[in-house]
Amino acid sequence: MIRKIETLGVALCLVCPLFAQVGERVFREESRLDSLRKGELSIELNSLSFFKDDEYAGGFQKGYSLPGFWLQPKLTYQPLKNLRLELGAHLLRYWGATTYPCYAYHDIAEWSGEQYQRGFHALPWFRAEAALSDRFRIVLGDIYGRVSHGLAEPLYNPELNLMADPEAGVQLLYVSRRFELDVWVDWRSFIFREDTHQESFVVGLSSEIKLNAETSPWHFYLPVQALAQHRGGEIDTIYTHSVQTLVNGAIGAGAVWNPRHSVVKRVEAEADATFSWQQAGDLWPFDMGAGFYLRTYADLRDFRVKAAYWMCRDFVSVLGSPFYGALSLSDEGRTFDSPQMVTLGAEWSRTLGHGFSIGADIDVYIHLKNATSFSAGVYLRVNPTFLLKKF
């Protein structure tokens, strides 16, 4: 039965394509500076409503549901054609929750947070973005994170688009006809002298070498990606296992077919070799690990069908789903010997109007040596902008 499902999923993905992806239409944040908006003072309401159900098996992670929304009300001002400032707040609400811990919501390690908020998980929001040239931009404060980095799924769990705190620090973006680069520092935890928790930050790199024009009937590219999470701090009061540095990386090759068809919009396939490295500390049971990820998808109008294959040995993901690794998050101390997985899925998304989009997805995870898991979700993005004054 599994063999038949695998064959059907791969066949569908080779016959169809993917421009209607939920990640592109619903999750991604527009990151281009528009010089025509010079002098504009606006109010922007950026929100994502979601309902996600995860039915997990196999011992990798226990299942759960995510019913809620996040909201970012912001005041935006563009004093120059190449400079934009944003000030506001990020509010996260789960239906049925009344209190929220005051710390980052995604991490493989335990984190001790003593303060709590009521009603919403609330954070201040500030972003300063400057275009230093037509190709190069710098972002300070709340950066363009999550799906905007374009990381492979073994390195970054798409579900973090729903629940993760905004990434904040510094970001450098470079875009040209043949090369794209995203380098950032996401500062998770700041410490003062005599603090009893660790300083923590993530350094990331996501790049893509385009071997030919993206609009060609056949487009080829080479992605190179890396993540490093560091915990420590010279002025904290933790003296045992106080320094931890965890690294993930991926390098691959991909091909895109642009058939210029009214129904079939795009077909893509990509293969990635991944690695994990525990450079310092003993948080993971493995110091080194490696994995192989093969994915393909096809876009048909508003639909995308997709399939993927994953295998690894001693690999642990810093920010990815536990399915992409050999370490259990539900059973303490449990590891998996060379796990393999086939993923089949479908997505639907539609743009309802400028700043409004809706989407849904379903994924089936077939753990070849274990069990079968699945997840399904529906999402609504509302992102209108109201002009207050043009100076």
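The text that follows walks through the structure, step by step, so that each part is easy to find. (Residues numbered from 1 in each chain as written. Predicted model: local features only at pLDDT ≥ 70, side-chain atom pairs only at ≥ 80, totals over all residues. Heavy atoms only, no water.)

1. A few points about the side chain of aspartate 142
Move 1: Relative to the helices and strands, aspartate 142 resides in strand β7 (residues 136-142).
Move 2: No salt bridge is formed by the buried aspartate 142; the nearest opposite charge belongs to arginine 127, separated by 6.7 Å.
Move 3: With residues up to four places along the chain from it excluded, the contact list for aspartate 142 reads Pro124, Trp125, Phe126, Arg127, Pro166, Glu167 and Ala168. (Helix = DSSP H or I, 4+ residues; strand = E, 2+ residues; numbered from the N terminus. Buried < 20%, exposed > 50% of the residue type's maximum accessible area, 1.4 Å probe, protein only. Lys, Arg positive; Asp, Glu negative; His and termini not counted. Salt bridge = Lys/Arg side-chain N within 4 Å of Asp/Glu carboxyl O. Contact = heavy atoms within 4.5 Å.)

2. A closer look at unusual backbone geometry
Move 1: Residues other than glycine seldom take positive phi values, yet arginine 301 does so here, at roughly 50°.
Move 2: With respect to the helices, strands and loops of the structure, arginine 301 is situated in the loop between β14 (288-300) and β15 (303-313).
Move 3: In the Ramachandran plot, aspartate 314 falls in the positive-phi region, its phi being about 60° despite a non-glycine side chain.
Move 4: Summarising the element assignment, aspartate 314 is placed in the loop between β15 and β16 (340-353).

3. Some points on the packing of aromatic side chains
Move 1: All told, the structure shown has 19 aromatic pairs when counted by the stated rule.
Move 2: With 6.3 Å between their ring centres and 45° between their planes, tyrosine 174 and phenylalanine 179 make a pair best called tilted.
Move 3: It is arginine 146 that lies over the ring of tryptophan 70; its NZ or CZ is 5.2 Å from the centre.
Move 4: The ring of tyrosine 297 carries the charged tip of arginine 304 above its face, separated from the ring centre by 3.7 Å. (Phe/Tyr/Trp six-rings, centres within 6.5 Å; stacked < 30°, edge-to-face > 60°. Lys NZ or Arg CZ within 6 Å of the ring centre and 35° of its normal.)

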